[in-house]
Amino acid sequence: MTIKPRKDIEPIIPYEPGKPIADVAKEYGLTNIIKMASNENPLGSSPHVINGLKDYLDGGINLYPDGNGTDLKEALAQFCDVDTDRIVLSNGADEMLTMVAQAYLNPGDEVVMSEWAFTRYGDASQIMGADIIRTPMIDFAYDLDSLISSITDKTKVLWICNPNNPTGSMIDKDTLYGFLDRIPKQVLIVYDEAYHEFASAENFPRDNQHLIDSYPNVIVVRTFSKIYGLAGLRVGYCITSPGIARNINKVRGPFNVSSMAQYAAIEALKDQAFVKEVYDLNLEGKEYIYEAFKAMGIVYYPSEANHILFETDWNARDLFVAMQKIGVIIRPQKDNYMRVSIGTMEENRRFIEALKEVLAI
Ligand SMILES: *Cc1c(COP(=O)(O)O)cnc(C)c1O
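So, how was this worked out
Residues numbered from 1 in each chain as written. Predicted model: local features only at pLDDT ≥ 70, side-chain atom pairs only at ≥ 80, totals over all residues. Heavy atoms only, no water. Pairing = 2+ DSSP bridges. Helix = DSSP H or I, 4+ residues; strand = E, 2+ residues; numbered from the N terminus. Axes fitted to C-alpha atoms, helices over the stretch in contact; angles between N-to-C directions. Contact = heavy atoms within 4.5 Å. Buried < 20%, exposed > 50% of the residue type's maximum accessible area, 1.4 Å probe, protein only. Phe/Tyr/Trp six-rings, centres within 6.5 Å; stacked < 30°, edge-to-face > 60°. Near = heavy atom within 4 Å. Polar contact = N/O pair within 3.5 Å; in protein donor to acceptor, adjacent residues only side chain to side chain. Areas by Shrake-Rupley, 256 points an atom, 1.4 Å probe, with all protein chains shown as cover. Arc of directions from axis to C-beta.

(A) Highlighting the sheet that holds strand β8 (residues 188-192). Here seven strands make up an open sheet; going across it, the order is β2-β10-β9-β8-β7-β3-β4 and the pairing mixed. Lying at the two open borders of the sheet, with one neighbouring strand each, are β2 (87-90) and β4 (131-135). Put simply, the sheet's adjacent strands are angled 20 degrees from each other on average, direction ignored. Of the strands in this sheet, β2, β9 (218-223) and β10 (236-239) are in contact with helix α3 (residues 70-80), which crosses β2 at around 125 degrees. Taken strand by strand, helix α5 (residues 119-127) contacts β3 (110-114), β4, β7 (155-161) and β8, and its axis lies near 160 degrees from that of β7.

And the structure:
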């Protein structure tokens, strides 16, 4: 007899991560493989962090982490210019999404999100038995009016991401504040900034002080996985009102962020030169890929993040497999849409060469 799980989780398809290099190597007997599928950092991690971790390990890992994450929270409080009681740490930003859902969603509550939003918003909501309302996009950017008109008396959480994954689209500063002004105060807004460090647009919202002071119902979610290059260690955080932080802490596991992750995050914050280097490389790579796409007649969507959504005549799965066979892992989306993460210049060039080969352009 099979034991039935909770009925809320039945429709969930387990998250399929970007294919690891080792899997592709084994499957196709390839050695020189590049992965441009999971928006990871092409420059690795800060050398300052890596060297520090080696010494850190000599101190041993037999003790439990600081469950409060005091040092990291203090470093973040200083870095973000907010009080520590506004910060909660998580095991990757992903855990923050599930913790917010656990802390706030009752079965039958509604959540509002856009199509082409991060799939984990839907999963986190579904696990708690919430009803998910998905709104269409306009030209692969958020249709904010449609998000607002989907809000009902039952709406508890609104999930947004800026810049958005996988479309790379951005909500500018004035538009964002105008939008937030129109959201009822009883709706929590999860504002995912996983890629905010990559945004180069002048009018990208950068004033988090204003955001959290003016909108106490906003939870700003951030990660060390992307520009800081610590995806393997799993560390994220949020900035929000102290009351919301308290509620999230009620569902947080006592030692959810490992001691190494806390240490690495503190050291990573100190190396802003590395962050700048990654930012610059990303801009250069993005421009290179745009130009190559234009020359190839490939439709793409301009991105403020570290990945680009593009469209070909091929079914995305087929293109994914064909590219993989020649050692380039990218990420299929639905229909004919693909997402490529921006890599080193060498990786970017190899990606374009491989794409030309497969598409016979
Ligand atoms: C990558 C990503 C995150 C963060 O992931 P973690 O590795 O769990 O910190 C959060 N939101 C979006 C939209 C992402 O793409």
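Alright, that's what it looks like, and here's the rest.
(B) Broad picture of unusual backbone geometry. Omega for the peptide link from N162 to P163 comes to -10 degrees, which places this bond in the cis form. Within the secondary structure, P163 sits in the loop between β7 and α7 (173-181). Cis peptide bonds are those with omega within 30 degrees of zero, and the linkage from N165 to P166 qualifies with 10 degrees. Its location among the elements puts P166 in the loop between β7 and α7. For D81, which is not a glycine, the phi torsion comes out positive at approximately 60 degrees. Summarising the element assignment, D81 is placed in the loop between α3 and β2. Overall, D81 belongs to the exposed group, its relative accessible area being 56%. Of note, W116 is a non-glycine position whose phi angle comes to about 55 degrees, a positive value. By secondary structure assignment, the location of W116 is in the loop between β3 and α5.

(C) Spotlight on the sheet that holds strand β15 (residues 337-341). Overall, antiparallel pairing links the four strands, which are arranged β11-β12-β15-β14 in an open sheet. Either end of the sheet is taken by a strand with one partner, and the two such strands are β11 (299-301) and β14 (331-332). Looking at chain direction, strand β12 (residues 307-311) and β15 are connected through five bridges and run antiparallel. Across the sheet, residue E311 finds its bridge partner in β15, namely Y337. This element, helix α11 (residues 272-296), spans β11 and β12 of the sheet and lies at about 10 degrees to β12.

(D) Structural context of the packing of aromatic side chains. Inspection of every chain in the model, using the stated rule, returns 17 aromatic pairs. A centroid spacing of 4.5 Å and a plane angle of 25 degrees characterise the contact between Y56 and Y263, whose relative ring orientation is stacked. One end of the pair, Y56, is in helix α2 (residues 47-58); the other, Y263, is in helix α10 (residues 259-270), and 207 residues separate them in sequence. For the ring pair F118 and Y121, a centre distance of 5.7 Å and an interplane angle of 80 degrees mean the geometry is edge-to-face. Assessed through its relative accessible area of 0%, Y121 is described here as buried.

(E) Focus on the site of the ligand. Around the ligand, a shell composed of 14 residues is seen, among which D192, Y195, T223, S225 and K226 lie nearest. One of the backbone N or O atoms of D94 is found 2.9 Å from an oxygen atom in the ligand. Separating a nitrogen atom of the ligand from a side-chain N or O atom of D192 is a distance of 2.6 Å. When isolated, the ligand has an accessible area of 380 Å², and the protein chains bury 92% of it. The biggest single contributor to the shell around the ligand is helix α4 (residues 92-104), with three residues.

(F) Expanded view of α7. Among all positions of α7, only L176, Y177, F179 and L180 are buried. Along α7, the residues classed as buried sweep out an arc of 160 degrees about the axis, all on the same side. The exposed residues of α7 that point more than 90 degrees off its buried face are D174 and D181. Its side-chain oxygen 3.2 Å from the backbone nitrogen of D174, D172 forms the N-cap of α7.

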